[in-house]
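A look at the structure
The primary structure of each chain is shown beneath.
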Amino acid sequence: VAALDILSRSLRRKSFVRAASALLLLQFLCVMLWWGAVSAVLSVKVFDEDGIVTKFAHATWLAMALVAGKWATGTVARLLGFVAAGGVASWFGQQTVIMERMEAEEEMERQQQQQQ
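Residues numbered from 1 in each chain as written. Predicted model: local features only at pLDDT ≥ 70, side-chain atom pairs only at ≥ 80, totals over all residues. Heavy atoms only, no water.

A few points about the overall build of the chain
For clarity, the threshold we go by: Counting from the N terminus, the helices are the DSSP runs of H or I reaching at least four residues and the strands are the DSSP runs of E reaching at least two. Each residue is assigned to one of three classes by its accessible area relative to the maximum for its type, calculated with a 1.4 Å probe on protein chains only: buried under 20%, partly exposed between the two thresholds, exposed over 50%. Note on definitions: a residue-residue contact is assigned when non-hydrogen atoms from the two residues lie within 4.5 Å. The protein chains shown are the only cover counted for residues, whose accessible areas, like all others here, come from Shrake-Rupley with a 1.4 Å probe.
Scanning the chain from terminus to terminus reveals three helices and zero strands. Along its sequence from the N terminus, the chain presents helices and strands in the succession α-α-α. The buried share of the chain, reckoned over its 116 residues, is 14%. Residue pairs at least 24 apart in sequence account for 76% of intrachain contacts in the chain once pairs closer than 6 positions are excluded. Just so you have it, the chain exposes about 9100 Å², and 68% of that area is on carbon and sulfur atoms.

This is the structure in structure tokens:
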């Protein structure tokens, strides 16, 4: 529950929303390119009369399209996770600074009371 609260506070920042939106758009483009590559490879008809090299090339292109697409979308998803984690980390940093200031103010008040 606390993580969702932190993430919702991070989402209120315009820079975070822009970065997350850009990464989601990039992921959408990667998926569309991946789907296009896979559908292009699958649309090629491999006939029984074709040689072993042609069948092997077809299988190789299909494997490359699948692996490259999975890698690209995984990379973009990881970047989106890093952006979200950065928002959470900066929130924790801000909270730490606030707590340190409060502790310093309390310490100053104690010192002033002791001097009186």
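Comments concerning the pattern of salt bridges
This is how it is decided: Every case where a carboxyl oxygen of Asp or Glu lies within 4 Å of a side-chain nitrogen of Lys or Arg is listed as a salt bridge.
The tally for this structure, following the rule as stated, stands at two salt bridges. Of the charged contacts, one joins E106 and R110 as a salt bridge, the two residues approaching to 3.8 Å between their closest N and O atoms. On the criterion of helical spacing, the pair formed by E106 and R110 is a turn pair, its members being four residues apart in helix α3 (residues 52-115). Accessibility expressed as a relative area gives 38% for E106, which makes it partly exposed. Residue classification places R110 among the partly exposed residues on the basis of a relative accessible area of 45%.

Observations concerning the environment of A40
Mapping A40 onto the fold places it in helix α2 (residues 14-43). Of the residues examined, A40 reaches a relative accessible area of 41% and is grouped as partly exposed. Put simply, A40 and A65 are 25 residues apart on the chain and 9.7 Å apart in space, counted from C-alpha to C-alpha.

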